[in-house]
Amino acid sequence: MAKLKDLYLFSYNSLQFLGWTVALFRILSNFIFTNSVTGTYASAGELICLLQCCAFLEVVHGAIGIVPSGAVLPLMQWSGRTHFLLAIVRRIVEVQESPSVFITFLAWSLSEVIRYSHYALSCIGSPPYFITYLRYTAFILLYPVGLGPGEMWLMYQALPFIKRRNLYADTLPFSYCNFVKAHK
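What comes next is a walk through the structure. (Residues numbered from 1 in each chain as written. Predicted model: local features only at pLDDT ≥ 70, side-chain atom pairs only at ≥ 80, totals over all residues. Heavy atoms only, no water.)

1. Side note on unusual backbone geometry
As a reminder of what qualifies: Each helix corresponds to a stretch of at least 4 residues labelled H or I by DSSP, and each strand to a stretch of at least 2 residues labelled E; elements are numbered beginning at the N terminus. Buried, partly exposed and exposed residues are distinguished by accessible area as a fraction of the type maximum, computed with a 1.4 Å probe on protein chains only: under 20%, between the cut-offs, and over 50%, respectively.
The phi torsion at Asn166 lies on the positive side, around 50°, for a residue other than glycine. Locating Asn166 in the fold gives a position in the loop between helix H7 (139-165) and helix H8 (176-183). Take Asn166: its relative accessible area is 51%, and that puts it in the exposed class.

Here is the structure:
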């Protein structure tokens, strides 16, 4: 049974690694060929939305005990990112060309390529030292960069569009605009 679990986790983490590597390649290719940070969402946004939705499996993994993380912290990380992606970036076309999308997607892609490669390699033995080193140090720079000038700045930029459209007023019993103000 342990071998089946390890095979499953290796497969899941390898597929996420490959997906995030493709996303990173698309982001960097778009940047290099256009000499611009615009077009980031068009080049990698839908793939990143798919990868992020699939990451809900990490909540399940923790909940059923096949990884030691538990379910609460992965759920918090997953729900924050998924909200940002699906409720704001994907829904508000006007912010998709923002440099904040480039910053966020680049930081996320780099961190996930490192994280998933580390997890996948851990399933089949010990990852190389440099992967382990990056896994536990790169986030020190990538997390605040992705969060500050990335996610938070983009949510701030989205506020006028949320307010003007009264976004989600027909489905939520509270002001989504006020929620985003408090969330950022």
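2. Notes on the layout of surface pockets
Rule in force here: Think of a 1 Å grid over the protein atoms and nothing else: a 1.4 Å probe that fits but is trapped marks a cavity, an open set flanked by protein within 12 Å on at least five of seven lines marks a pocket, and residues with an atom within 4 Å of a point count as lining. Grid points are joined across faces, edges and corners, and a volume is the space filled by probe spheres set on the points. When residues are grouped by polarity, Ala, Val, Leu, Ile, Met, Phe, Trp, Tyr, Cys and Pro land in nonpolar, Asp, Glu, Lys and Arg in charged, and all others, Gly among them, in polar.
Taken as a whole, the largest pocket spans an internal volume of roughly 1,300 Å³. Lining the largest pocket are 44 residues, with Glu58, Gln77, Arg115, Tyr119 and Arg135 positioned closest to its centre. Elements supplying a minimum of two residues to the lining of the largest pocket: helix H1 (2-34), helix H2 (40-54), helix H3 (56-64), helix H4 (72-89), helix H5 (99-123), helix H6 (129-137) and H7. When grouped by side-chain class, the residues that make up the lining of the largest pocket number 27 nonpolar, 11 polar and 6 charged.

3. Considering H1
Quick note on the threshold: What a helix should span is 1.5 Å times the count of its residues minus one. By definition in these notes, contact holds between two residues if any of their heavy atoms fall within 4.5 Å.
If you check H1, its first and last C-alpha atoms are 47 Å apart, about what 33 residues at 1.5 Å a residue would give, namely 48 Å. All of the buried residues along H1 are Leu9, Tyr12, Asn13, Ser14, Gln16, Gly19, Trp20, Ala23, Leu24, Ile27, Ser29 and Asn30. Buried-residue contacts for H1 involve H2, H3, H4 and H5. One or two steps after H1, the chain reaches Asn35, where phi turns positive at roughly 55°.

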